[in-house]
Amino acid sequence: MEVTLLGTGSPLPSADRAGPATLLRSGGATLLFDCGRGVVLRLTAAGVLPIGLSAVLLTHLHSDHICDLGDIMTSHWVMSPGPTPLVVIGPPGTQSVVDGMMAMFAPDQGYRLAHHQDLNEGPIVVVTEVEPGDVVELAGVSIEVHRTDHRPVAPTVGYRVTHEGKVAAIAGDTVPCREVDELCRGADLYVQTVIRADLVAAIPSARLQDILDYHSTVEQAALTAERAGVRTLVMTHYVPPIGPGDEEAWRALAAAHFSGTIVVGDDLTTMVA
Ligand SMILES: [Zn+2]
Ligand SMILES: [Zn+2]
């Protein structure tokens, strides 16, 4: 099982960090979790084209996690040799987001259908809305859906992927809670979006202060990983973006609370379980 951080950024623009997106490859499954800014670029750099995806799974419908889903949908459509469904899994509300994106691209779809003689159908996007407790069997892997807590944003979910005894937990944005402990219990890889509360608190912006109450801090992610007996904590979605040479400071904050392996990385960092 291989997990690649495609985008380690957040809503805050960064020249070096794409928006939140994580790739998981295991057996015949190629799964994309979230579709942040620049996802198709990073996916391609990881050696995967949108047509190579088994499914796209969304943790929640915040813009930084879905803004480039439209690029995945369009690229998947125009590169498919024939009618090929794109599978999208997400919390309730996902269908209406996909419908909205389809409407947004209606002129584009019209141009391409009129221009290409061998293109006779628009994009086929098959959405499955999931609830906590659901288990999805897909491309040979098992995916459990768990509730997360990113309130007031709701619904939000995390995904626990199991294949041949290996487990990866993809948490998305959440504060620590019992459900996230269950999501990542004993996982080989636990991918958690994080913020640095100390750095955010020092930024004089009321709007930025609002994010403190619905994300895991680095320390909280480490405490969750320790409680749940995780092997490797993988942090991503760094707020604020990690400055050059600051990785060790982020790692040290987590290491004070977690005895396992800690990954703080740039885009395209890859872990093998
Ligand atoms: Zn969010
Ligand atoms: Zn986010």
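Residues numbered from 1 in each chain as written. Chains lettered and ligands numbered in written order. Predicted model: local features only at pLDDT ≥ 70, side-chain atom pairs only at ≥ 80, totals over all residues. Heavy atoms only, no water.

Colleague: So, the coordination of the zinc ion (ligand 1): which residues are in play, and what are the values?
Modeller: Surrounding the zinc ion (ligand 1) are the protein donor atoms His 60 (NE2), His 62 (ND1), His 150 (NE2) and Asp 173 (OD), which sit 2.1 to 2.3 Å from the metal. Mapping the donors of the zinc ion (ligand 1) onto the primary sequence yields the spacing H-x1-H-x87-H-x22-D. In this structure, the zinc ion (ligand 1) lies 3.5 Å away from the zinc ion (ligand 2), the two metals sharing Asp 173 as a donor. Separated by 111 residues along the polypeptide, His 62 in the loop between strand 4 (55-57) and helix 2 (63-66) and Asp 173 in the loop between strand 10 (166-170) and helix 6 (178-184) bring together distant segments of the chain. (Donors = N, O, S within 2.8 Å, 3.2 Å for Na, K, Ca; no water. Helix = DSSP H or I, 4+ residues; strand = E, 2+ residues; numbered from the N terminus.)

Colleague: An account of the pairing of strand 8 (residues 141-147) is requested, with residue identities and associated values reported.
Modeller: Counting buried positions along strand 8 gives 5 out of 7 residues, so the element sits mostly inside the fold. In this structure, the hairpin formed by strand 7 (residues 135-138) and strand 8 is closed by a connection of 2 residues, where Ala 139 is found at a positive phi of approximately 50 degrees. When strand 8 meets strand 9 (residues 157-163), the two strands line up antiparallel, connected through 6 bridges. Of the residues in strand 9, the one forming a bridge with Ser 142 is Thr 162. (Buried < 20%, exposed > 50% of the residue type's maximum accessible area, 1.4 Å probe, protein only. Pairing = 2+ DSSP bridges.)

Colleague: Kindly report on the packing of helix 3 (residues 69-79) against helix 5 (residues 106-115), identifying the contributing residues and their values.
Modeller: To describe two helices that pack against each other, one gives the angle between their axes and the distance between the axes. One way to put it is that helix 3 packs onto helix 5 with a least axis distance of 12 Å and a crossing angle of 10 degrees. The angle between the axes of helix 3 and helix 5 places the two elements in the roughly parallel class. Contacts between helix 3 and helix 5 involve Thr 74, Trp 77 and Val 78 on the former and, on the latter, Asp 108, Gln 109, Arg 112 and Leu 113. Partitioned by chemical class, the residues of the contact of helix 3 with helix 5 number 3 nonpolar, 2 polar and 2 charged. (Axes fitted to C-alpha atoms, helices over the stretch in contact; angles between N-to-C directions. Parallel < 35°, antiparallel > 145°, perpendicular 65-115°, else oblique. Contact = heavy atoms within 4.5 Å. Nonpolar A, V, L, I, M, F, W, Y, C, P; charged D, E, K, R; others polar.)

Colleague: Kindly report on the pattern of salt bridges, identifying the contributing residues and their values.
Modeller: Evaluated as defined, the whole model comprises 11 salt bridges. A salt bridge links Glu 182 to Arg 185, with the shortest nitrogen-to-oxygen separation between them at 2.9 Å. On the basis of relative accessible area, Glu 182 is assigned to the partly exposed category, the value being 35%. Take Arg 185: its relative accessible area is 36%, and that puts it in the partly exposed class. Residue Arg 231 pairs with Asp 188 through a salt bridge whose shortest N-O separation is 3.1 Å. Placement of Arg 231 in the loop between helix 9 (218-228) and strand 13 (232-239) and of Asp 188 in the loop between helix 6 and strand 11 (189-195) is noted, with a sequence separation of 43 residues between them. (Salt bridge = Lys/Arg side-chain N within 4 Å of Asp/Glu carboxyl O.)

Colleague: Please give an account of the packing of aromatic side chains that cites residues and values.
Modeller: Counting across every chain of the model gives 2 aromatic pairs. Taking 5.7 Å as the distance between ring centres and 45 degrees as the angle between the ring planes, the aromatic pair formed by Phe 33 and Tyr 159 counts as tilted. Here Phe 33 is found in strand 3 (residues 29-33), whereas its partner Tyr 159 is found in strand 9, with 126 residues between them in sequence. On the accessibility criterion, Tyr 159 (0% relative accessible area) is buried. Ring centres of Tyr 238 and Trp 250 lie 5.4 Å apart, and the angle between their planes is 75 degrees; on these two criteria the pair is classed as edge-to-face. Here Trp 250 lies in helix 10 (residues 247-255) and Tyr 238 lies in strand 13, a separation of 12 residues in the sequence. (Phe/Tyr/Trp six-rings, centres within 6.5 Å; stacked < 30°, edge-to-face > 60°.)

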